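A look at the structure
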Amino acid sequence: MGRAFVYVILGGGVAAGYAAHEFVKRGVSHGELCIISEEPVAPYERPALSKGYLLPEDPARLPAFHCCVGTNEERLTPKWYKEHGIELVLGTRVKSADVRRKTLLTATGETITYKILIVATGARALKLEEFGVSGSDADGVCYLRDLADANRLVNVMQSSSGGNAVVIGGGYIGMECAASLVINNINVTMVFPEAHCMARLFTPKIASYYEEFYKSKGVQFVKGTVLTSFDFDSDQKVTAVNLRDGTKLPADMVIVGIGIRPNTSLFEGQLTLEKGGIKVNGRMQSSNNSVYAVGDVATFPVKIFSETRRLEHVDFARKAARHAVAAIMEPEKTTEFDYLPFFYSRVFTLSWQFYGDNTGDVVHFGDFSGNRFGAYWVNKGQVVGSFLEGGTKEEYEAIAKITRLKPAIEDLVDLEKQGLGFALTL
Ligand code: FAD
Ligand code: NAD
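Since the model is a prediction, treat every value here as computed from it, not as a measurement.

What follows concerns the state of the cysteines. Summed over all chains, the structure comprises 0 disulfides. We note that C67 lacks a disulfide partner, and the nearest cysteine sulfur, in C68, lies 5.3 Å from it. For C177, which is in no disulfide, the shortest distance to another cysteine sulfur is to C142 and amounts to 8.9 Å. Given the relative accessible area of 0%, C177 is considered buried.

Written out as structure tokens, the structure is:
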């Protein structure tokens, strides 16, 4: 049993949705394109799951956040795929791939053949078991990667109202979920091993601003330690979290956000891997000419920094997906991908954006006791990264622009004095 398509997108997340949109814009014919996804729903904007989806009132629900509403474009509902002759094979896991034969074998036993494959399998949440702690499947312990996780989290939050939550991890999931828990009237303690939150990106000074803001909302921080075990009641429901330093934190629920691992296993030994992802060139093409990779699973050349990186952010997933489709459909018109890394988050009333790279010396600016401040990173005499909290659209555009331009900086003190004005006047 099997079907054959010209183009197959493996994975049905953010990158898949944006790739499908681009295929249609570039005139793909009916019956040529197929998307295979383990998830039971058409591609959606995953960032909604830790934000609007968790609101106690008027929460975001599908179909409202199918791709491509995240970039204010048309919403790709299942009807849209049907109207454009795109086959959506949902709720179906691909269990093996053969890039030499150009086939994918699904868990339902179907062999799907492609001429061109776009791998958009994203990533999976790391489990506590991988750090030697058991209990991930227990009642009250939540992860957040897909819609099923989000539905479970909403149910657990509703039954924990007024109670205590422990958030494990001080990264994106930890910070965004902690804010959502507070909004849902749950007492939150965050636990993470680093000295401050968002250690991969924030400076201690930036982190301190957010930690103080969270504390003003009642969030407590336990830093520099990790959990070693859970306590459970007789129904195997979590009741407490035990930390390495001996502390026991009572818990009606736990959210774990301790990082991700890209879903590359189908291609190990078949495609070149690097930095944990599938290595692609500036056309998002892997070591096999017929296979492209985009989104969280791809390690690509960041032209502006002359090195390869894997990025775990939605803007990259969207743009890389569009770029891969352009390279496939109009190869001669498509140049090398030239992407400026862009990350953002929104929590409570706060909102920040970051562009570029956080290496080198840091110059902070603005009002850290108010609500508009930022930082530049200066490496080898050039601005390589910019961060801004509380900016306007024009201000965010300005910091993006200077990061792309990489202006030379002679005097860090002067840059600090100019602050945001430096980006606005350049
Ligand atoms: P995904 O969107 O994860 O999609 C992968 C798809 O592949 C899934 O549908 C999965 O089921 C499917 N799949 C995997 N393996 C198989 C298989 N073997 N067979 C069939 N299907 C398979 N980034 C930001 O920049 N800003 C944000 O605010 C933000 N918020 C986020 C909030 C949450 C809760 C999460 C989890 C992530 C967030 N991100 C955010 C990150 C962003 O969502 C990801 O970078 C983006 O989704 C990556 O897109 P992708 O298509 O590569 O992977
Ligand atoms: P992350 O990499 O942002 O943070 C992981 C955190 O786990 C670290 O900060 C650390 O504090 C913690 N940690 C690591 N090992 C630990 C251990 N043994 N015990 C306790 N804590 C430990 O990953 P995440 O927060 O899990 O996010 C998952 C993915 O979702 C990432 O790809 C992220 O980019 C994406 N995401 C992005 C956004 C956004 O861009 N706004 C929002 C939500 C999720």
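A few words on the sheet that holds strand β8 (residues 116-119). Within a sheet, adjacent strands bond to each other through the backbone by hydrogen bonds, running parallel or antiparallel. Read from one edge of the open sheet, 5 strands run β4-β3-β2-β8-β21, paired in parallel fashion. Either end of the sheet is taken by a strand with one partner, and the two such strands are β4 (87-89) and β21 (291-293). On average, each strand axis in the sheet is inclined to that of its neighbour by 20 degrees, with strand direction left out of account. Bridging between strand β2 (residues 7-10) and β8 involves 4 bridges; their strand directions are parallel.

Buried residues dominate strand β12 (residues 187-192), accounting for 5 of its 6 residues. With 5 bridges joining them, strand β11 (residues 164-168) and β12 adopt parallel strand pairing. Across the sheet, residue I168 finds its bridge partner in β12, namely V191. A crossover connection joins β11 to the parallel β12 through helix α4 (residues 172-183); in handedness this β-α-β unit is right-handed. For β12 and strand β13 (residues 220-223), the ladder comprises 4 bridges, and the chain directions are parallel. Of the residues in β13, the one forming a bridge with T189 is Q220.

Over its 12 residues, α4 extends 17 Å from the first C-alpha to the last, a length consistent with the 16 Å expected when each residue adds 1.5 Å. Most of α4 is tucked away, with 9 of its 12 residues classed as buried. Of all the positions in α4, only G174, M175, E176, C177, A178, A179, S180, L181 and V182 are classed as buried. The secondary structure elements touched by the buried residues of α4 are α3 (147-159), β11, β12, α5 (204-216), β17 (253-256) and β24 (342-347).

Criteria and cut-off values
Residues numbered from 1 in each chain as written. Chains lettered and ligands numbered in written order. Predicted model: local features only at pLDDT ≥ 70, side-chain atom pairs only at ≥ 80, totals over all residues. Heavy atoms only, no water. Disulfide = S-S within 2.5 Å. Buried < 20%, exposed > 50% of the residue type's maximum accessible area, 1.4 Å probe, protein only. Pairing = 2+ DSSP bridges. Helix = DSSP H or I, 4+ residues; strand = E, 2+ residues; numbered from the N terminus. Axes fitted to C-alpha atoms, helices over the stretch in contact; angles between N-to-C directions. Right-handed = clockwise from strand over helix to strand, strands pointing away. Expected span 1.5 Å × (residues − 1). Contact = heavy atoms within 4.5 Å.

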